[in-house]
Amino acid sequence: MHLNVIDVFRTSLFWAPFSAWLIAQTTKMLCGLTRTRRLDFRYLVSTGGMPSAHSAMASALATVMGLSEGFRSAPFIMALAFAIVVMFDAATVRRAAGQQSRLLNEMLDELFKTHRFSEQKLVELLGHTRLEVFLGLVVGVLTAIAVFALDYIGFWR
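Residues numbered from 1 in each chain as written. Predicted model: local features only at pLDDT ≥ 70, side-chain atom pairs only at ≥ 80, totals over all residues. Heavy atoms only, no water.

(A) View of the packing of helix α2 (residues 53-69) against helix α3 (residues 74-91). Packing of α2 against α3 leaves a shortest axis separation of 8 Å and a crossing angle of 165 degrees. By the angle class used here, α2 and α3 are roughly antiparallel. Seen from above, α2 lies across α3 with left-handed handedness. Two secondary-structure elements touch here, α2 through H54, S55, A58, S59, L61, A62, M65, G66 and E69 and α3 through P75, F76, A79, L80, F82, A83, V86 and M87. (Axes fitted to C-alpha atoms, helices over the stretch in contact; angles between N-to-C directions. Helix = DSSP H or I, 4+ residues; strand = E, 2+ residues; numbered from the N terminus. Parallel < 35°, antiparallel > 145°, perpendicular 65-115°, else oblique. Left-handed = near helix turned anticlockwise from the far one by under 90°. Contact = heavy atoms within 4.5 Å.)

Following this line, the structure appears as structure tokens:
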């Protein structure tokens, strides 16, 4: 069996998760543009915010795996388990870390008023609200269905 690296880019199994991630990150960038009136490309690699790119990517992977391999297949079940862990992590562990960062930054602000201390702050936008995770899920599922349909009609061949 001859494997070609380029074949990875000719399947919805690659393009669905990648496209879902890109749509979610671009949405964050456009929301930032409307809020600040500045185009900030750092949103393309940032964590946190609406919608969750992690959730979009993981749910797109699970959806396209189910569409291509069957929703009772082992690859789909594995991708589904992966997506659940990613979304749970985004809404709980990473969210808690962001809240702790916010509290520590507030403590540093108070310390600056009275004493000298390093002004380096922690990143606060790490995790997601449940709504951000849910909208990431929606973006992922819809993107996967659209990309799978393009693959079905032979778009990348």
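Having seen it, we continue.
(B) Structural view of the environment of F134. Examined against the element boundaries, F134 turns out to sit in helix α5 (residues 130-152). Overall, F134 belongs to the partly exposed group, its relative accessible area being 47%. (Buried < 20%, exposed > 50% of the residue type's maximum accessible area, 1.4 Å probe, protein only.)

(C) Spatial organisation of the side chain of T143. In this fold, T143 is placed in helix α5. A residue is classified by how much of its surface remains accessible, and T143, at 8% relative accessible area, is buried. Separated by 2.7 Å, the side chain of T143 and the backbone oxygen of V139 make a polar contact. Discounting residues that sit within four places of it in the chain, T143 has contacts with A16, S19, A20 and I23. (Polar contact = N/O pair within 3.5 Å; in protein donor to acceptor, adjacent residues only side chain to side chain.)

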